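Residues per chain are reported as follows:
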Amino acid sequence: MLGDFHVHTQYCQHGTDDKMEAYVLQAIEKGLTHLSFTEHAPLPESFTDPAPNRDSAMDRNKVEAYVLEGKALQKQYKNDLQINIGFEVDYIKGYEQETQTFLDTYGPEMDDGILSVHMLQAPDKSFFCIDFSEEEFGRAADRFGGLTPLYKAYYDNLQASVETDLGHFKPRRIGHITLIQKFHLAYPKPAAFLEEQQHILELIKRKGYELDINTAGLFKPLCKEIYPPAELIEHAAQLGIPLIPGSDSHAAVGIGKGFEELANYSLQLPQRINA
Ligand SMILES: [Zn+2]
Ligand SMILES: [Zn+2]
């Protein structure tokens with residue numbers, strides 16, 4: 001197995017307290033050769049975290065410590081594992097400038113990165129963190145006027161995330177492109193959205209970006225599928241989009257979890273941001 005390229009740490013407020021080194025040791029134990037730490041980058045300063053626990057990302061004042069700890073591990077374990085340090089960066093419509101400022105500041109320290117949509121703005125301007133909980137997802141659907149407009153907003157934002165200019169250090173991998181389906185066993189998806197999904201894959205291809213093949217959804221009780229599901233992975237593969245595996249672990253024990261489901265795909269290493 002190549003590696004796990006979507007991994008969180010103790011710096012994330014909604015994860016576990018497992019230290020970065022515990023993830024490293026687990027990766028080595030599992031026989032991985034590569035590991036990308038992609039902690040949730042701090043949210044833009046002027047943005048209020050809409051998640052009920054206000055715990056969606058890492059604290060701004062912990063960024064330096066995170067990078068330093070990662071770099072120390074990179075050195076310490078360099079003969080056993082190639083460790084990449086990076087961020088999972090939120091794409092939030094309307095906050096592009098602040099997001100780019102963060103990337104311009106920390107991009108030079110980054111080896112790898114993921115761009116994800118978790119935050120959506122309802123017609124009444126309130127924001128929702130769509131993957132926080134089933135209840136919160138239900139509240140979002142109400143506020144958007146139903147599941148169809150909620151899904152539509154998700155794919156619109158996802159498309160904007162691929163198209164938007166976030167400067168030189170914009171992450172080149174698009175995160176869990178069907179996260180909106182996290183609770184689909186409770187809230188059945190209102191339509192296939194195939195056209196939107198395929199269009200996004202085509203844009204990813206055109207931009208030369210990569211796809212996060214994210215096994216976390218398999219273990220979510222109301223999802224039980226990879227982000228994105230098999231048909232879309234196959235479509236991406238046909239387009240020649242690099243498929244980059246990630247467990248989206250928030251605990252060391254989750255490293256490489258579910259990767260046996262990816263055995264039939266031809267997975268790749270991410271391009272390094274500062275190559
Ligand atoms: Zn997380
Ligand atoms: Zn995410």
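Overview of the structure. Treat the numbers as computed from the prediction; the structure is a model and nothing was measured.

## Describing the nonpolar core
One broad rule of soluble globular proteins: the nonpolar side chains tend to lie buried together. Of all hydrophobic cores here, the largest spans 74 residues; its most connected members are Phe37, Tyr66, Phe87, Leu150, Tyr154, Ile204 and Leu211. The element contributing the most residues to this core is helix α5 (residues 147-163), with 8 residues. Every residue in contact with Tyr154, bar those within four places of it in the chain, is listed here: Val117, Leu120, Ile130, His176, Ile177, Thr178, Leu179 and Ile180. Counting residues in hydrophobic clusters, the runner-up holds 9 residues, among them Ala57, Tyr95, Met119 and Phe127.

## Description of the sheet that holds strand β7 (residues 173-174)
With respect to topology, 7 strands assemble into an open sheet ordered β1-β2-β3-β4-β7-β8-β9, the strand pairing being parallel. If you trace the sheet from one side to the other, it starts and ends with β1 (3-7) and β9 (243-246), each paired once. Both strand β8 (residues 210-214) and β9 contribute to a ladder of 4 bridges, which runs parallel. Paired with Leu211 across the bridge in β9 is Leu243. Helix α2 (residues 63-76) contacts β2 (34-40) and β3 (82-90) of the sheet and is inclined by roughly 155 degrees relative to β3.

## Description of the layout of surface pockets
In this model, the largest pocket occupies a volume close to 560 Å³. Lining the largest pocket are 26 residues, with His14, Lys182, Lys220, Asp248 and His250 sitting closest to its centre. Taken together, the residues that form the lining of the largest pocket break down as 9 nonpolar, 10 polar and 7 charged. Forming the walls of the second largest pocket are 14 residues, and the residues nearest its centre are Pro44, Arg60, Glu98, Thr99 and Phe102. Listing elements by their share of the lining of the second largest pocket, those giving two or more residues are β3 and α3 (96-106).

## Quick word on the pattern of salt bridges
Applying the stated criterion across every chain yields a total of 8 salt bridges. Close ionic contact of Arg272 with Asp111 constitutes a salt bridge, the shortest N to O distance being 3.2 Å. On the criterion of sequence distance, the pair formed by Arg272 in the segment after β9 and Asp111 in the loop between α3 and β4 (112-116) is long-range, its members being 161 residues apart. Asp111 gets classed as buried once you look at its relative accessible area, which sits at 12%. Residue Arg173 is joined to Asp112 by a salt bridge in which the shortest nitrogen-to-oxygen separation is 2.9 Å. Note that Arg173 is positioned in strand β7 and Asp112 in strand β4, a separation of 61 residues in sequence.

## Points about the coordination of the zinc ion (ligand 1)
Binding of the zinc ion (ligand 1) to the protein goes through His14 (NE2), His40 (NE2) and His250 (NE2), at separations of 2.0 Å. Counting gaps between the donor residues of the zinc ion (ligand 1) yields the pattern H-x25-H-x209-H. Taken as a pair, the zinc ion (ligand 1) and the zinc ion (ligand 2) lie 5.6 Å from each other. Highlighted residues: His14 in the loop between β1 and α1 (20-29) and His40 in strand β2, separated in sequence by 26 residues.

## Section: the pairing of β8
Most of β8 is tucked away, with 5 of its 5 residues classed as buried. A two-sided burial pattern is seen for β8, the buried positions comprising Glu210, Asp212 and Asn214 on one face and Leu211 and Ile213 on the other. With 2 bridges joining them, β7 and β8 adopt parallel strand pairing. Among the inter-strand pairings, Ile174 is bridged to a residue of β8, identified as Leu211. As for the winding sense of the linkage, the β-α-β connection from β7 through helix α6 (residues 194-207) to β8 is right-handed. Crossover handedness for the path β8 to helix α7 (residues 230-239) to β9: right-handed.

Thresholds applied
- Residues numbered from 1 in each chain as written.
- Chains lettered and ligands numbered in written order.
- Predicted model: local features only at pLDDT ≥ 70, side-chain atom pairs only at ≥ 80, totals over all residues.
- Heavy atoms only, no water.
- Core = buried A, V, L, I, M, F, W, Y, C linked by side-chain atoms within 4.5 Å.
- Buried < 20%, exposed > 50% of the residue type's maximum accessible area, 1.4 Å probe, protein only.
- Helix = DSSP H or I, 4+ residues; strand = E, 2+ residues; numbered from the N terminus.
- Contact = heavy atoms within 4.5 Å.
- Pairing = 2+ DSSP bridges.
- Axes fitted to C-alpha atoms, helices over the stretch in contact; angles between N-to-C directions.
- 1 Å grid on protein atoms, 1.4 Å probe; cavity = no way out; pocket = protein on both sides within 12 Å on 5 of 7 lines; lining within 4 Å.
- Points joined across faces, edges and corners; volume = space filled by probe spheres on them.
- Nonpolar A, V, L, I, M, F, W, Y, C, P; charged D, E, K, R; others polar.
- Salt bridge = Lys/Arg side-chain N within 4 Å of Asp/Glu carboxyl O.
- Donors = N, O, S within 2.8 Å, 3.2 Å for Na, K, Ca; no water.
- Right-handed = clockwise from strand over helix to strand, strands pointing away.

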